[in-house]
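This is what each chain is made of:
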Amino acid sequence: MSESVHNKNKRRIGALRAALYDIDAAALPGQLAEIFAADCEVHLANPLEKMTGPAQLYAEAYAPLLQAVPDLERRDFIVMAGESNGGDWVGCCGHYMGVFERAWLGIPPTQHLLAMRYHEFFRLEDGRIVEMQALWDIPQVMMQAGTWAMSPSLAVEWVAPGPATEDGIISSPYNAAQSTASLELVRDMLVGLKRNEEGVAAMRLDKYWHPQMMWYGPAGIGSMRRISGFRNWHQIPFLKAMPDRDTFWDRGNRAFFGDAEYVGFTAFPGMQMTVSGDGWLGIVASGQAITMRSLDFWRCENGLIRENWVLVDLLDVYTQLGVNVFDRMRELTVARHSQIAV
């Protein structure tokens, strides 16, 4: 049996994963140039934003991060692949780790271990990355440095674990039937979530979610267990504030695909809504129309969704609402910055 394009692409992304595990800062620019197309589109979280090609990705994203965290190490716990919207994609989820020695993006260093979750999606053509959509949980770094200047999370903040089944790095032959079944389960769940005007019963959450589900949200929202936790600490405040929210899982510049029992979704942006009510992140009901970048991974188990890793670009949300989180952070930490070399 010939190897599927998805398994080939996962092996190809393995070269990037290896380069970012044992990082040689001098060799990294050349390694990125071998994996990324020269005109690759790169979409990163606020304030890093859009870049083109591996040289800019290194100079503006990885080099400053390596300056701040010299022993930076990448640790994936999900690597999956599939086809979506006419493209072949690989999705990776994990943490960047290392000692936070120097300031990064104005965030003062801690001299302690840092962990920053990432959700990264890569579209490949002929073995080269031609598009990257990724969120790095920068607010998580701010929280670890004691510099998060916005509202506290309703749920628990922690370093999200990998899959309970320890099978997230998928190397087995691509199983189209199983992958499609996982994708359809998550798609049906998302359709159900859009029935919010009919009440929670119409969403039929218990039809799709495991009784012991885990929802690993971004820093600023937090993580929660069971449907009751999901509703209390995320869904109810979210829907009260933005009842007209619309997800682009079925259209636009997005990728939505399954691989075995895992499903991934990425889009820049992936949602649009109006902040017409209060209750989410302490944000006032301004009537402001916004978009949202939300990159997700789901793990299915026995026909139900058991785990969901979610990153939302909260810094981009605040920027659209006219709030400069970095300015507030600098005001919060002015005394600390006077005592360190930035």
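Just above sits the structure.
Residues numbered from 1 in each chain as written. Predicted model: local features only at pLDDT ≥ 70, side-chain atom pairs only at ≥ 80, totals over all residues. Heavy atoms only, no water.

**Thoughts on the sheet that holds strand 8 (residues 223-225)**
To keep it simple, the criterion reads: Whether two strands pair comes down to DSSP finding at least two bridges between them. Runs of H or I in DSSP of at least four residues are treated as helices and runs of E of at least two as strands, each being numbered from the N terminus. Here, axes are lines fitted to C-alpha atoms. For helices the fit covers the stretch in contact, and angles between N-to-C directions go from 0 to 180 degrees.
Spatially, the six strands line up as an open sheet ordered 8-7-15-14-11-10, and their pairing is mixed. Where the open sheet ends on each side, the last strands, each with one partner, are strand 8 and strand 10 (254-259). When the angles between neighbouring strand axes are averaged without regard to direction, this sheet yields 10 degrees. Note: strand 10 against strand 11 (residues 262-267), six bridges, orientation antiparallel. Paired with alanine 255 across the strands is threonine 266, a residue of strand 11.

**Observations regarding the pairing of strand 6 (residues 128-136)**
Rules: Partly exposed residues are those whose accessible area sits between 20% and 50% of the maximum for their type, while under 20% is buried and over 50% is exposed, using a 1.4 Å probe and protein chains only.
Of all nine residues that make up strand 6, eight are buried, and the element is covered over most of its length. Bridging between strand 1 (residues 36-43) and strand 6 involves four bridges; their strand directions are parallel. The partner of valine 42 across the bridge, within strand 6, is methionine 132. Sheet analysis places strand 5 (residues 113-125) next to strand 6, joined by eight bridges and oriented antiparallel. Among the inter-strand pairings, histidine 119 is bridged to a residue of strand 6, identified as leucine 135.

**Concerning the packing of helix 2 (residues 28-35) against helix 3 (residues 53-68)**
Short version of the rule: What sets the label is the angle itself: under 35 degrees gives roughly parallel, over 145 gives roughly antiparallel, 65 to 115 gives roughly perpendicular, and the rest give oblique. Crossing handedness is defined as follows: a turn of the near helix away from the far one that is anticlockwise and smaller than a right angle gives a left-handed crossing, while the clockwise case is right-handed. Only heavy atoms enter the contact rule, under which two residues are in contact if any of them lie within 4.5 Å. Throughout this entry, Asp, Glu, Lys and Arg are counted as charged residues, while Ala, Val, Leu, Ile, Met, Phe, Trp, Tyr, Cys and Pro are counted as nonpolar. The remaining residues, Gly among them, count as polar.
The geometry of helix 2 relative to helix 3 is characterised by a closest axis approach of 10 Å and an angle of 140 degrees between their N-to-C directions. Taken together, the axis directions place helix 2 and helix 3 in an arrangement best described as oblique. Remark: the crossing between helix 2 and helix 3 carries right-handed chirality. Contacts from Leu28, Pro29, Leu32 and Ala33 of helix 2 reach helix 3 at Pro54, Tyr58, Tyr62 and Leu66. When its residues are assigned to classes, the contact of helix 2 with helix 3 shows eight nonpolar, no polar and no charged.

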